[in-house]
Amino acid sequence: MKLVGALVGQFRETAGLTQRELADRVCVHEETIASVEQGRRPLKPDLARVLDHLLDTKQALHTAVENMPEIDLIPAWAEQYMDIEAEAIALSFFANQVLPGLLQTENYARAVFRSRVPAFSEEEVNAQVAARLERQEILRRKVPPTTSFILSEAILMARLGGDKVHKETLRHLRACADLPGITLQVTPLARQTHAALDGPFILLETPDHQHLAYTETQRGSKLIADPDEVSILAQRYAMLRTQALNLEEAKGLLDRLLGEQ
């Protein structure tokens, strides 16, 4: 990824273009070009072809991308979702086992990746944590997405990473609950009904107001564009919001958990 990114940067400079000028010509965000050049984001085949044509590089970039090693920093099945997430104007998360990546602290994320089986090397853990923290920049955009989180109370009770990380995580969640544009709710363990027993999912709205959904399994994921399927998950999310503690009640729960530590 770093080698391909360095090639993009060299070809761009040879053409006398800035990152912003190149981004404008290929209709992507300037940050996308910067991330590719720094080796933090893979160059996609379709963009590689466009760049080869624009920069007159004789298919060098497309050839490089086609011959990339199979092992990437981010699994290929998650890349499309992450591209959409970075530009979404609205995000809705339901999580029942682990915090969504956008809410994870560095230490929590490290505990998540150190729990992986088969195990990551320490170098791989560091790379994954850095990529996860970078994703959180979308919450600090000049115009951040409207973001809703519904978390199972089980996530708040789990001591992933140990007591110190747990307390830090609760404090972080309490601070996030006060951020503008973010709504945080909690589904209590004591509930006798639950609208999403099939597992976690994410709803997204793109800048052109397309509504999508995303689900993950142990070894893959699914980006859902079919309106009927997205509607079913949207109905479930709407029901979850009525079943979960509201924002003020969730803040109270976090305060109580912090007070007990």
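Residues numbered from 1 in each chain as written. Predicted model: local features only at pLDDT ≥ 70, side-chain atom pairs only at ≥ 80, totals over all residues. Heavy atoms only, no water.

Draft legend 1. Structural view of the packing of aromatic side chains. In this structure the tally under the stated criterion is 5 aromatic pairs. Each ring, one from phenylalanine 113 and one from phenylalanine 120, has its centre 6.2 Å from the other, and the planes form 55°; the classification is tilted. Residue class for phenylalanine 120 comes out partly exposed when judged on its relative accessible area of 21%. Ring centres of phenylalanine 201 and tyrosine 237 lie 6.1 Å apart, and the angle between their planes is 75°; this geometry places the pair in the edge-to-face category. Of this pair, phenylalanine 201 sits in strand 4 (residues 201–205) while tyrosine 237 sits in helix 11 (residues 227–243), placing them 36 residues apart in sequence. It is arginine 116 that lies over the ring of phenylalanine 120; its NZ or CZ is 4.1 Å from the centre. (Phe/Tyr/Trp six-rings, centres within 6.5 Å; stacked < 30°, edge-to-face > 60°. Buried < 20%, exposed > 50% of the residue type's maximum accessible area, 1.4 Å probe, protein only. Helix = DSSP H or I, 4+ residues; strand = E, 2+ residues; numbered from the N terminus. Lys NZ or Arg CZ within 6 Å of the ring centre and 35° of its normal.)

Draft legend 2. Structural context of the pairing of strand 1 (residues 90–95). Where burial is concerned, most of strand 1 is hidden: 5 out of the 6 residues are buried. Note that strand 1 and strand 2 (residues 146–152) share 6 bridges and pair parallel. Bridge pairing in strand 2 links phenylalanine 93 to phenylalanine 149. (Pairing = 2+ DSSP bridges.)

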